[in-house]
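# Structure assessment
Single-letter residue listing:
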Amino acid sequence: MVLLAGATTSDILAKGDLGGIMRWVAATILALVFYGFAGQALAEKRVALVIGNSSYRNVPSLPNPRNDAAEIASLFRTAGFSKVDDRRDLGISDMRRAISDFAEMASDADVAVVYFAGHGIEVDGANYVIPVDAKLSRDFDIEDEAVSLDRILKSIEPTRRLRLVILDACRDNPFLKTMKRTIASRSIGRGLAKVEPAISDTLIAFAAKAGSVALDGDTKNSPFTAALLHNIAAPGLDLRIAFGRVRDEVLKVTNRHQEPFVYGSLGGSVISIVDAPKLPPPPTTDDIVWNAVKDSTSPGVFEEFIAKFPTTPHLKAAESRRDELKQAQAAAAARIPPPPTADEIVWTAIKDSNYPAIFDDFLSKFPASKHRTEAQSRSDELKKQIAAAAARVPPPPTADEVVWDAIKGSTYPAIFDDFASKFPASPHLADALTRRDELKKQIAATQAPPPPPPRISSGPRSRDRAIPRSSTSSRANMRRARTLRTHDSAGMS
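All values reported here derive from a predicted model rather than from experimental measurement.

## Describing the confidence of the model for the protein chain
On average, residues of the protein chain score 83 in pLDDT, and 81% of them reach the 70 mark or higher. Segment residues 29-42: pLDDT under 50, and 12 contacts once partners within four positions in sequence are set aside and those in other chains are kept. Below a pLDDT of 50 lies the segment residues 487-493, which in the model reaches 0 contacts outside its immediate sequence neighbourhood of four places, other chains included.

As structure tokens, then:
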């Protein structure tokens, strides 16, 4: 067997190149992993239809759907979908044809996803997505000029494992302002209506829950689609958890003004857009040892291999090789150096392995090996690393963390009172109460009564106040005048 740069295992063993053996073992494991991933990617058929309607002809255009659809389509391609049908600004005829074509594509698929970004509407409890050429001057025109959600669901009914419809179509609808009602009792909703899929393993995700309106956002993607891009394609992440994280992210970035909602149900197994990679089982110890020793020129190696692995599928090959070497050694036994022990060969082959089970198997097969302590230490170290890596997965943010991030900059004391009542055990309780008290003090300060105006003295004679005080003679004249008046008054009495 050819290894690296044309070298064979016999060349490496002849030279005592144990590093070469290790490179061979690593290459073998890498090949197994690669073929395991490739087999998984080819195991199922996943298809997607992505439609982004921005350039509406009879109402103002929407800036984000074309961007949203482009990035969602790219995400599905990167995730390894077998086929992604990516469409833009479809009129009614093209939209119906696209859905019809996709129905054929999805008929033998394991996973089928339909994503639509644009305007949607609910009429009499039925939901519709709106093509770019719709006029909808009357409510009666809805079935002629729009595509029903029921039609989309029927297109993916034959899909085997997962049917998923994602509608970023709950925006504030401008058609409602001009649409004439032909029947007074006909209802036209705000946003989309609640829906319950008739087929199991079907999910329908709305950008906003039934009866509410989604925000288009002030960036290149809507809040809902941005959250989808962050969460939905995580390998191995169950869709129910993925959409829960989408909901939390949208609530946070919209200050709880928009809450996405998912309708439908899935079974008990994990269902994800991108399956978690399945690592093949590690090679067994006897395979590793056999690949390391099969070209050895020492019969003792094969004797020990046979003794240690009596049930190995390589037993007959090992016995044949042992007997062959013994016959060749008969004439030159003195020149043959003592062979390395099996545990030495195994240890050299496995000492840098990342699988704890290989070291546990080594300990069970070679309990008296001088490498026993090293093997035990390596096994314990790897188990700790695996446990630490599992512990580093962060938990999702708690409800009080999400709410606190949304309200902590508020200037209304009542919001912090409400927070304290809803989350009495929150670590942010003290901050909330402090903020509330500060705001109440600020409000009380702004509502304090103004100081009273200065009072005007009410002396006995206003003419005395008019006499200037800057002149000494003037003050003397005033004193004489008061004295004269006092005398006059006394005489009159």
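Having seen the model, we can carry on.
## Description of the side chain of Ser353
Tracing the backbone shows Ser353 in the loop between helix H12 (342-350) and helix H13 (356-365). By relative accessible area, Ser353 is classed as buried at 11%. Setting aside chain neighbours within four positions, we find Ser353 in contact with Ile358, Phe359, Arg378 and Leu382.

## Quick word on the pairing of strand E2 (residues 83-88)
Alignment of strand E1 (residues 46-52) against E2, held across 6 bridges, turns out to be parallel. Opposite Val47, over in E2, you have Lys83 as the bridge partner. Handedness of the β-α-β unit built from E1, helix H3 (residues 65-78) and E2 comes out right-handed.

## Describing the packing of helix H9 (residues 285-293) against H12
Helix-helix packing is described using two parameters, namely the angle between the two axes and the distance between the axes. Packing of H9 against H12 leaves a shortest axis separation of 10 Å and a crossing angle of 100 degrees. Comparing their axes, H12 and H9 come out roughly perpendicular. Contacts between H9 and H12 involve Thr285, Ile288, Val289, Ala292 and Val293 from the first element and Ile345, Val346, Ala349 and Ile350 from the second. Each residue belonging to the contact of H9 with H12 can be placed in one class, and the counts come to 8 nonpolar, 1 polar and no charged.

## Side note on the pattern of salt bridges
This model, assessed by the stated rule, comprises 29 salt bridges. Of the charged contacts, one joins Arg138 and Asp141 as a salt bridge, the two residues approaching to 2.9 Å between their closest N and O atoms. Judged by relative accessible area, which is 38%, Arg138 ranks as partly exposed. Ionic pairing is found between Lys370 and Glu344, a salt bridge with its closest N-O pair at 3.1 Å. One end of the pair, Lys370, is in the loop between H13 and helix H14 (372-391); the other, Glu344, is in helix H12, with 26 residues separating them in the sequence.

## Digging into helix H17 (residues 429-446)
The terminal C-alpha atoms of H17, which comprises 18 residues, lie 26 Å apart, in line with the 26 Å expected from a rise of 1.5 Å per residue. Considered for burial, the residues of H17 that qualify are Ala432, Arg436 and Leu439. Across the axial projection of H17, the buried residues extend over an arc of 70 degrees, all falling on one side. Among the exposed residues of H17, those pointing more than 90 degrees away from its buried face are Ala430, Lys441 and Ala445. Turning to H17, the residues buried within the fold contact helix H15 (399-407) and helix H16 (413-422).

## Focus: the packing of H13 against H14
Running from N to C, H13 and H14 point in directions that differ by 155 degrees, and their axes come no closer than 8 Å. The pairing of H13 with H14 is recorded here as roughly antiparallel in orientation. In the packing of H13 onto H14, the handedness of the crossing is left-handed. For the pair formed by H13 and H14, the contact residues are Pro356, Phe359, Asp360, Phe362 and Leu363 on the first element and Arg372, Ala375, Gln376, Arg378, Ser379, Leu382, Lys383 and Ile386 on the second. A class-by-class count of the residues in the contact of H13 with H14 yields 7 nonpolar, 2 polar and 4 charged.

## Points about the packing of aromatic side chains
Any pair of aromatic rings gets described here by the distance separating the centres and the angle formed by the planes. Taken as a whole and assessed by the stated rule, the structure comprises 13 aromatic pairs. When the ring of Tyr56 is compared with that of Phe175, the centres are 6.4 Å apart and the planes differ by 75 degrees; the resulting orientation is edge-to-face. Within this pair, whereas Tyr56 is found in the loop between E1 and H3, its partner Phe175 is found in the loop between strand E7 (162-168) and strand E8 (202-206), the two being separated by 119 residues in sequence. Accessibility expressed as a relative area gives 6% for Tyr56, which makes it buried. Residues Trp290 and Phe302 carry aromatic rings whose centres are separated by 6.0 Å and whose planes lie at 70 degrees to one another, so their mutual orientation is edge-to-face. A residue pair is termed long-range when its members are at least 10 positions apart, and Trp290 in helix H9 and Phe302 in helix H10 (residues 299-308) qualify at 12 residues. Since its relative accessible area comes to 0%, Phe302 is described here as buried. Connected via pairs of aromatic rings, a cluster forms that spans Trp290, Phe302, Phe305 and Phe309.

## What about the nonpolar core?
Core analysis: the largest hydrophobic core is formed by 79 residues, its most contacted members being Phe76, Ile166 and Leu239. Ignoring sequence-local partners within four residues, the contact set of Ile166 consists of Val113, Val114, Tyr115, Phe116, Ala205, Phe224, Leu228, Ile232 and Phe243. Among the nonpolar cores identified, the runner-up in size contains 25 residues, and Ile306, Leu325, Ala342 and Trp347 belong to it.

## Observations regarding the sheet that holds strand E4 (residues 120-123)
Read across the sheet, 3 strands follow the order E4-E5-E6 without closing on themselves; strand pairing throughout is antiparallel. Only two strands of the sheet have a single neighbouring strand rather than two, namely E4 and strand E6 (147-148). Across 4 bridges, the pairing between E4 and strand E5 (residues 126-129) is antiparallel. Following the sheet pairing, Val123 is matched in E5 by Ala126.

## Focus: the side chain of Asp68
Tracing the backbone shows Asp68 in helix H3. Ignoring any residue separated from it by four or fewer positions in sequence, one finds Asp68 in contact with Tyr115, Ala117, Asp168, Arg171, Lys220, Asn221, Ser222 and Thr225.

## Description of the pairing of E1
Of all the 7 residues making up E1, 7 are buried; the element is thus mostly covered by neighbouring parts of the structure. With burial as the criterion, each face of E1 is covered, one bearing Arg46, Ala48, Val50 and Gly52 and the other bearing Val47, Leu49 and Ile51. Summarising the sheet, E1 and strand E3 (residues 111-117) pair through 7 bridges and their orientation is parallel. Note that in E3 the partner of Val50 across the bridge is Tyr115.

## Remarks on unusual backbone geometry
Phi is mostly negative for residues that are not glycine, and the peptide bonds are mostly trans. At Asp89, a position not held by glycine, the phi torsion is positive, near 45 degrees. Its location among the elements puts Asp89 in the loop between E2 and helix H4 (92-106). Residue Arg256 is not a glycine yet carries a positive backbone phi of 65 degrees.

So, how was this worked out
Residues numbered from 1 in each chain as written. Predicted model: local features only at pLDDT ≥ 70, side-chain atom pairs only at ≥ 80, totals over all residues. Heavy atoms only, no water. pLDDT = per-residue confidence, 0-100. Contact = heavy atoms within 4.5 Å. Helix = DSSP H or I, 4+ residues; strand = E, 2+ residues; numbered from the N terminus. Buried < 20%, exposed > 50% of the residue type's maximum accessible area, 1.4 Å probe, protein only. Pairing = 2+ DSSP bridges. Right-handed = clockwise from strand over helix to strand, strands pointing away. Axes fitted to C-alpha atoms, helices over the stretch in contact; angles between N-to-C directions. Parallel < 35°, antiparallel > 145°, perpendicular 65-115°, else oblique. Nonpolar A, V, L, I, M, F, W, Y, C, P; charged D, E, K, R; others polar. Salt bridge = Lys/Arg side-chain N within 4 Å of Asp/Glu carboxyl O. Expected span 1.5 Å × (residues − 1). Arc of directions from axis to C-beta. Left-handed = near helix turned anticlockwise from the far one by under 90°. Phe/Tyr/Trp six-rings, centres within 6.5 Å; stacked < 30°, edge-to-face > 60°. Core = buried A, V, L, I, M, F, W, Y, C linked by side-chain atoms within 4.5 Å.

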